[in-house]
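One-letter residues, chain by chain:
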Amino acid sequence: MKAISRDLSADKDGIPGYIAHPDRKEPGPGILVVHHHYGVTGHMKATVCNFAKLGYATVVPDLYKLLGLSDGVHEAQKKTTDGQFVEIINQSWSYLTGRNDVDGKRCAVVGYCMGGRIGIHFVAATPSVRAFVGYYPSVRDEQPTNLRPRHPNDAARDFKCPSIIFFGGKDHVASVPVQQHLWSSLQSNGQPLEWHFFPHAGHGFALGDGDCYDPRLAESAWSLASDFLARELDHY
């Protein structure tokens, strides 16, 4: 499927970031990608394009530009509350679901690492999300703080949509016991859950330019996520 891609700017589009979408006239499904700690990298842009080739209008907003931070990689998580993250992601959600080529009732959220953790909070607060894909969300064993007053494992209980989650047994950010707590929380929300655990995988195993990249597992996860999204967004 032919896909069209370009950068997004706050002046022209209302949000900064990157978009790729199929060349179509009728509304179809959409995906909002919440980027990892490193921001809108080339890998994130390639991922957006890959989703578009499957038929999804896909947007990855630049959270750091939305926050007005010049060095978001080092500053964002030290200065931004989870509530503020949810608020700026909501701006991007409105942009995606309001597009003429998008069916706002058939949109999902895909989060990577930091974006997986923040994505959990956004999905918990946004009943219109149709499905959630979490690539190794950066959940930790930590107590509430002013910036993070609610643990993602608690927020996950408020989901109103199905989820698919990928984790590795050698994840240095989210320990296996913390992963198990998230699994329990997602099980308790009454929504369908697919949970895929790769015992030899590290954090970011699907990140093409990351230290723990595993192409075999990345391909397996992509196939599982693609099938999940096609099913939940009625896109066959």
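Please refer to the structure placed before this passage.
Residues numbered from 1 in each chain as written. Predicted model: local features only at pLDDT ≥ 70, side-chain atom pairs only at ≥ 80, totals over all residues. Heavy atoms only, no water.

(A) Molecular detail of the state of the cysteines. A complete count under the given rule lists zero disulfides for this structure. The thiol of Cys-161 is unpaired, and the distance to the nearest cysteine sulfur, on Cys-107, comes to 12 Å. Left unpaired, Cys-212 is separated from the closest cysteine sulfur, that of Cys-113, by 9.8 Å. On the basis of relative accessibility, which here comes to 32%, the residue Cys-212 falls in the partly exposed class. (Disulfide = S-S within 2.5 Å. Buried < 20%, exposed > 50% of the residue type's maximum accessible area, 1.4 Å probe, protein only.)

(B) Geometry of the packing of aromatic side chains. Scanning the model with the defined rule gives nine aromatic pairs in all. Relative to Trp-222, the ring of Phe-51 has its centre 4.8 Å away and its plane inclined at 40 degrees; by these criteria the two rings are tilted. In this pair, Phe-51 is assigned in helix H2 (residues 42-53) and Trp-222 in helix H9 (residues 215-232), connecting sequence segments 171 residues apart. Of the residues examined, Phe-51 reaches a relative accessible area of 0% and is grouped as buried. (Phe/Tyr/Trp six-rings, centres within 6.5 Å; stacked < 30°, edge-to-face > 60°. Helix = DSSP H or I, 4+ residues; strand = E, 2+ residues; numbered from the N terminus.)

(C) Here's a closer look at helix H8 (residues 176-188). Taking 1.5 Å per residue as the helical rise, H8 with its 13 residues ought to reach 18 Å, and the 18 Å between its terminal C-alpha atoms agrees with that figure. Residues Val-178, Gln-179, Leu-182, Ser-185 and Leu-186 constitute the buried set of H8. Relative to the axis of H8, the buried residues are bounded by an arc of 120 degrees and lie together on one face. Where H8 is buried, its residues meet helix H6 (114-125), helix H7 (152-155), strand S7 (163-170) and strand S8 (193-202). Immediately beyond the C-terminal end of H8, within one or two residues, lies Gly-190, with a positive phi of roughly 80 degrees. (Expected span 1.5 Å × (residues − 1). Arc of directions from axis to C-beta. Contact = heavy atoms within 4.5 Å.)

(D) Geometry of unusual backbone geometry. Not every positive phi belongs to a glycine, and Cys-113 is a case in point at roughly 55 degrees. Among the secondary structure elements, Cys-113 is positioned in the loop between strand S5 (102-112) and H6. Classification of Cys-113 by relative accessible area gives buried; the value is 8%. Phi at Tyr-136 takes a positive value of approximately 35 degrees, unusual for a residue other than glycine.

(E) Here's a closer look at empty space enclosed by the protein. Within the structure shown, the criterion is met by one cavity of 30 Å³ or more. Looking at the largest cavity, its volume works out to about 30 Å³. In terms of lining residues, the largest cavity is bounded by Glu-142, Gln-143, Pro-144, Arg-148, Pro-149, Arg-150 and His-151. The residue inventory of the lining of the largest cavity, partitioned by class, reads two nonpolar, two polar and three charged. (1 Å grid on protein atoms, 1.4 Å probe; cavity = no way out; pocket = protein on both sides within 12 Å on 5 of 7 lines; lining within 4 Å. Points joined across faces, edges and corners; volume = space filled by probe spheres on them. Nonpolar A, V, L, I, M, F, W, Y, C, P; charged D, E, K, R; others polar.)

(F) View of the layout of surface pockets. Here the largest pocket defines a volume of roughly 450 Å³. Each residue belonging to the lining of the largest pocket can be placed in one class, and the counts come to six nonpolar, nine polar and five charged. Its boundaries defined by the atoms lining it, the second largest pocket holds a volume of some 160 Å³. If you go around the second largest pocket, the residues you meet are His-43, Ala-46, Thr-47, Asn-50, Tyr-112, Tyr-135, Ala-206, Ala-218 and Trp-222. Looking at the lining of the second largest pocket, the elements with two or more residues in it are H2 and H9.

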